[in-house]
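# Secondary and tertiary structure notes
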Amino acid sequence: MEVRSGDLTLPRPRHRRIITISNQKGGVGKTTTTVNIGVALALAGLDVLVIDLDPQGNTSTALGAIRTSGTPSVYDVLLGEISIAEAAQTCPDAPRLGCVPATIDLAGIEIELVGMERREYRLKEAIDAIDGDFDYVLIDCPPSLGLLTINAMVAAREVMIPIQCEYYALEGLGQLIGNIDRIKQHLNPELDLSTILLTMYDARTKLSVGVADEVRRHFGASVLTALIPRSVKVSEAPSYGQSVITYDPGSRGAMSYLDAAKEIAYRGAKENAK
Ligand code: ATP
Ligand code: MG
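These notes cover the structure that comes with them. (Residues numbered from 1 in each chain as written. Chains lettered and ligands numbered in written order. Predicted model: local features only at pLDDT ≥ 70, side-chain atom pairs only at ≥ 80, totals over all residues. Heavy atoms only, no water.)

### Focus: the site of ligand 1
Around ligand 1 sit 17 residues in total, of which Lys-30, Thr-31, Thr-32, Pro-229 and Ser-231 are the nearest. Within the backbone of Gly-27, one N or O atom sits 2.9 Å away from an oxygen atom of ligand 1. One nitrogen or oxygen atom from the side chain of Thr-31 is found 2.8 Å from an oxygen atom belonging to ligand 1. Considered on its own, ligand 1 offers 620 Å² of accessible surface; in the complex 80% of this is hidden by protein. Of all the elements in the fold, those that place two or more residues in the shell around ligand 1 are helix H1 (30-43), strand S10 (223-229) and helix H10 (232-236). For the shell around ligand 1, the leading source of residues is H1, giving three residues. Considering only residue class, the shell around ligand 1 consists of six nonpolar, eight polar and three charged. (Near = heavy atom within 4 Å. Polar contact = N/O pair within 3.5 Å; in protein donor to acceptor, adjacent residues only side chain to side chain. Areas by Shrake-Rupley, 256 points an atom, 1.4 Å probe, with all protein chains shown as cover. Helix = DSSP H or I, 4+ residues; strand = E, 2+ residues; numbered from the N terminus. Nonpolar A, V, L, I, M, F, W, Y, C, P; charged D, E, K, R; others polar.)

### A word on empty space enclosed by the protein
Empty space among the atoms becomes apparent when a probe as large as a water molecule is rolled across them. Tallied over the full model, the rule gives one cavity of 30 Å³ or more. Residue lining of the largest cavity: Val-39, Ala-62, Leu-63, Cys-91, Asp-93, Gly-241, Gln-242, Ser-243 and Thr-246, and that is the complete set. Of the residues contributing to the lining of the largest cavity, the split by class is four nonpolar, four polar and one charged. (1 Å grid on protein atoms, 1.4 Å probe; cavity = no way out; pocket = protein on both sides within 12 Å on 5 of 7 lines; lining within 4 Å. Points joined across faces, edges and corners; volume = space filled by probe spheres on them.)

### A word on the side chain of Thr-33
By the secondary structure assignment, Thr-33 is in helix H1. Judged by relative accessible area, Thr-33 falls into the buried class, the value being 0%. Only 2.9 Å separates the side chain of Thr-33 from the side chain of Tyr-257, close enough to count as a polar contact. In this view, Thr-33 contacts Gly-38, Met-160, Pro-162, Leu-197, Thr-199 and Tyr-257; residues no more than four positions away in its chain are not counted. (Buried < 20%, exposed > 50% of the residue type's maximum accessible area, 1.4 Å probe, protein only. Contact = heavy atoms within 4.5 Å.)

### Overview of the nonpolar core
Across soluble globular proteins, you tend to see nonpolar side chains buried next to one another. Of all hydrophobic cores here, the largest spans 50 residues; its most connected members are Ile-51, Leu-53, Ile-84, Ile-127 and Ile-139. Looking at this core, the element that brings in the most residues is helix H7 (residues 147-155), giving seven residues. Those residues in contact with Ile-127, other than ones at most four positions away along the chain, are Arg-16, Ile-18, Ile-51, Ile-84, Val-137, Ile-139 and Ala-155. Membership of the second largest hydrophobic core comes to 39 residues, among which are Leu-46, Ala-65, Cys-91 and Ala-237. (Core = buried A, V, L, I, M, F, W, Y, C linked by side-chain atoms within 4.5 Å.)

### Here's the deal with the packing of aromatic side chains
Per the stated rule, a full pass over the model turns up two aromatic pairs. With a centroid separation of 4.4 Å and an interplanar angle of 35°, the aromatic rings of Tyr-167 and Tyr-168 are classed as tilted. Judged by relative accessible area, which is 57%, Tyr-167 ranks as exposed. Judged by centre distance (5.0 Å) and plane angle (20°), the ring pair of Tyr-240 and Tyr-247 falls under stacked. A relative accessible area of 25% means that Tyr-247 is categorised as partly exposed. The aromatic ring of Tyr-121 is capped on one face by Arg-118, whose charged end is 4.3 Å from the ring centroid. (Phe/Tyr/Trp six-rings, centres within 6.5 Å; stacked < 30°, edge-to-face > 60°. Lys NZ or Arg CZ within 6 Å of the ring centre and 35° of its normal.)

Right under this line is the structure:
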């Protein structure tokens, strides 16, 4: 079935797709990608849940969610005290998008979880218990490979890695992929590194072009054709509690995230058809 909103038409996946956006390297565009892909899919009429698993809470802020200490959040969900439905807030700019916010309470959770049972499965169990018909669940990870990221990778079926087209972009990728393999082996056999997105691309620099080429050579078809350019509009949007798609819909940044969302949706439709 296809869903239409404005000029955006995207296929609905046959099964709920749970995608974790992960890279332990900081500042590569994980949060920006989660927010903009989430909004793009939701504006196309798909039902999207975004889970902010980073104590910095930047995803929650960009999606206009309240995240003052004590607000029902992913922290309470991981402790098993409330359900995802009880923590989810509707995004003011995209009524089909729900956001489970992260508050500062989340900062201590890795230590709190250490002694708990099934500590790697807490998020998975909460997502499995969701009643609603979400087409997509997107999980934004913190820049680490700790227990929060492990929870995200155990809960998800797919991993998306944003790679910044800058010096040192590939540093640490081996470790990240090793981790995905270990989680696949021991905790979640279904996990698949399905998508790589090149971010902060600047066609004027040899470095950006070189990184993009190297990533495509190495990862082949999992790299999206869409490239996210480095753009001031993309970095400004969160300070207005918005995605770039709602903040400046005609901008290059907005268009490139729409293209990336389309590719993700159509690739998923093919996978589902297999
Ligand atoms: P962290 O590891 O801290 O969670 P992150 O991987 O989530 O970081 P972002 O927060 O999405 O990365 O981006 C890092 C910074 O770069 C932010 O200030 C963001 O606004 C900016 N940024 C992200 N994408 C772009 C872009 N395409 N063009 C310009 N600036 C960008
Ligand atoms: Mg982030």
